[in-house]
Structures are given as C-alpha cells and as structure tokens.
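The lines below spell out each chain.
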Amino acid sequence: MLGLGAIAWIGWREAWAVAARELQREAEAAAEYALRLVEGQLLAGDLADDLLRGLSDQAIRDHEGELHAALKALRPRLPLVESVYVTDREGRLLVTASRYPVPRDAVIADVDWVSALASPTPSALHITKVYRGRIEDRLFYAISRPRTGSGNPPPAQGHDGAIHVTVDPNALAAGLMALNGEPGDITALVRRDGAILV
C-alpha cells in the first residue's frame, strides 16, 4: 500500500512538472508574439515619422493623397498593424493609412493618448486602452508616439503632433489563441495599469 502511495505521489509530481513546463513554454511563445507585434508597431511609427519629417501640417494636408498611399503601403509589411493615424498638436487628423481623405473636422484631442503625449512631461510612447474608432467604427488599441522634426514653427509647449499605430485586438487575440495548448487556457495582453488589451 505504501509503495502504491509513493508511486501515485511521484506520478502526481511529474504531471505537475510537465504542466508547469508546458505553461512556461506557452507563456514564452505568447510573450515573443506580443513583442514582435509591438516591435512592428514601433517600426511603423518610426517609418511614418521619417516619411513626414520636415513637412508642415499644411504640407501634409496639401499632399494627403500621396502620403496616404505611402502609409497604406507600409501595412502589408507589418503584421497586424491596422492603420497609422497622424494628428497635429491640437489632435486634428492630418492623414491616415486607412482612410482618404480624412474628415477635416475630425478632432480626437479629448482621448487619453493625445493628452498623454501633449502633457508637460510626455512619455516617449503611450499604449492606449481599447477603443471603438470614431472615424472608422472598429475596435483598436494603439501605440502612440510624438511626431518629430516637423516643418512647423516650434511649439511653445514642445508638442508638435503625434503618430498613432493601431492594432485590431480581435486579430491579435486569434494569434494568441493559436498559441494556447489546451481548450480553456487564457492568454492576455495587459497594460501596466491593469487595462486588458487582448
């Protein structure tokens, strides 16, 4: 009887060790997948910033069609990037990768990512919560960063617009689900403040 108990205990420990290794593997795969996505979003933001460097807000408006096409051409090379939005210092849309022309009255200055980047102590980037788009009726979250090197006169507060790279959380969720090992496993992408993105 004691021998059967010992065998059962050893088997139980081994089952837990296998489950822990599998969980660790799944967590590492999900982290790598999320990291690649974030790197793609950052690259899209850098490429958009390079494309617009030296252009004033008015120059962007004057060449919106060409710039829209150039931003749109980035999307197939960057997995899961849904769109790129560029705003001026007041939060008005200048150009996007997904819609042409942008509505001239579209202002998004009241959303958290615009105010976070326009604050007196802005961060180098901001990860938004999940939103339903006003311009395009879709769910998204974005990595936003300040626009640099514009052709505008220097702003008094230092903020000269922003670049917002959006991702469809449902598309990202499908990729994460493919990495789950067992039905019922849950993988999530969570902001530092606890807001769930995916």
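I will try to describe carefully the structure that is included in this document. None of these values were measured; they are calculated from a predicted model.

### Observations concerning the pairing of strand E5 (residues 139-146)
Part 1 of the argument: With six of its eight residues buried, E5 lies for the most part within the structure.
Part 2 of the argument: Relative to E5, strand E3 (residues 126-127) is paired through two bridges, and the arrangement is antiparallel. Bridge pairing in E5 places His126 opposite Ser144.
Part 3 of the argument: Sheet topology places strand E4 (residues 131-132) next to E5; two bridges connect them, and they run antiparallel. Note on E5: the bridge partner recorded for Tyr131 is Phe140.
Part 4 of the argument: The pairing of E5 with strand E6 (residues 162-167) spans six bridges and is classified as antiparallel.

### Section: the environment of Leu80
Part 1 of the argument: Mapping Leu80 onto the fold places it in the loop between helix H3 (64-74) and strand E1 (81-87).
Part 2 of the argument: The sequence separation of Leu80 and Asp105 amounts to 25 residues, and the corresponding C-alpha distance is 28 Å.
Part 3 of the argument: Setting aside its immediate chain neighbours within four residues, Leu80 contacts Tyr33, Leu37, Thr166, Val167, Asp168, Ala171 and Leu172.

### Remarks on the side chain of Ser150
Part 1 of the argument: You can see Ser150 is positioned in the loop between E5 and E6.
Part 2 of the argument: There is a polar contact of 3.2 Å between the side chain of Ser150 and the backbone nitrogen of Asn152.
Part 3 of the argument: Not counting the four nearest positions on each side in its chain, Ser150 is found in contact with Gly54, Leu55 and Asp160.

### Quick look at a nonpolar patch on the surface
Part 1 of the argument: A cluster of nonpolar residues, Leu42, Leu125 and Ile127, forms a patch on the protein surface that exposes about 200 Å² of accessible area.
Part 2 of the argument: As for its position among the elements, Ile127 is in strand E3.

### Quick word on H3
Part 1 of the argument: Taken together, the buried positions of H3 are Glu64, Leu67, His68, Leu71 and Leu74. For H3, the angular spread of buried residues about the axis comes to 115°, placing them on one side.

### Focus: the pairing of E6
Part 1 of the argument: Most of E6 sits inside the fold, with six of its six residues counted as buried.
Part 2 of the argument: Inspection of the sheet shows E1 paired to E6 by six bridges, in the antiparallel sense. Paired with Val84 across the strands is Val165, a residue of E6.

### Observations regarding the nonpolar core
Part 1 of the argument: Formed by 16 residues in total, the largest nonpolar core has its most connected members in Ile60, Leu71, Val84, Val86, Val95, Ile163 and Val165.
Part 2 of the argument: Elements with a minimum of two residues in this core: helix H1 (2-52), H3, E1, strand E2 (93-96) and E6.
Part 3 of the argument: Setting aside residues no more than four positions away along its own chain, Ile163 makes contact with Gly45, Ala48, Asp49, Val84, Tyr85, Val86, Ile143, Ser144, Arg145 and Arg147.
Part 4 of the argument: Counting 10 residues, the second-largest nonpolar core is a separate cluster that includes Ala34, Tyr141, Leu172 and Leu197.

### Section: the pattern of salt bridges
Part 1 of the argument: All told, the structure shown has 15 salt bridges when counted by the stated rule.
Part 2 of the argument: Of the charged contacts in the structure, one is a salt bridge between Asp50 and Arg53, with a shortest N-O distance of 2.7 Å.
Part 3 of the argument: Overlapping salt bridges bring together Asp46, Asp49, Asp50, Arg53 and Arg145 as one network.

### A few points about the environment of Arg99
Part 1 of the argument: With respect to the helices, strands and loops of the structure, Arg99 is situated in the loop between E2 and helix H4 (112-118).
Part 2 of the argument: Note on Arg99: relative accessible area 33%, which makes it partly exposed.
Part 3 of the argument: When the C-alpha positions of Arg99 and Ala59 are compared, they lie 18 Å apart, and in sequence the two are 40 residues distant.
Part 4 of the argument: In terms of polar contacts, Arg99 uses its side chain to reach the backbone carbonyl oxygen of Ile135, at 2.9 Å.

So, how was this worked out
Residues numbered from 1 in each chain as written. Predicted model: local features only at pLDDT ≥ 70, side-chain atom pairs only at ≥ 80, totals over all residues. Heavy atoms only, no water. Buried < 20%, exposed > 50% of the residue type's maximum accessible area, 1.4 Å probe, protein only. Helix = DSSP H or I, 4+ residues; strand = E, 2+ residues; numbered from the N terminus. Pairing = 2+ DSSP bridges. Contact = heavy atoms within 4.5 Å. Polar contact = N/O pair within 3.5 Å; in protein donor to acceptor, adjacent residues only side chain to side chain. Patch = residues over 30% accessible without salt bridge, like charges linked within 9 Å, V, L, I, M, F, W, Y side chains within 5 Å. Areas by Shrake-Rupley, 256 points an atom, 1.4 Å probe, with all protein chains shown as cover. Salt bridge = Lys/Arg side-chain N within 4 Å of Asp/Glu carboxyl O. Arc of directions from axis to C-beta. Core = buried A, V, L, I, M, F, W, Y, C linked by side-chain atoms within 4.5 Å.

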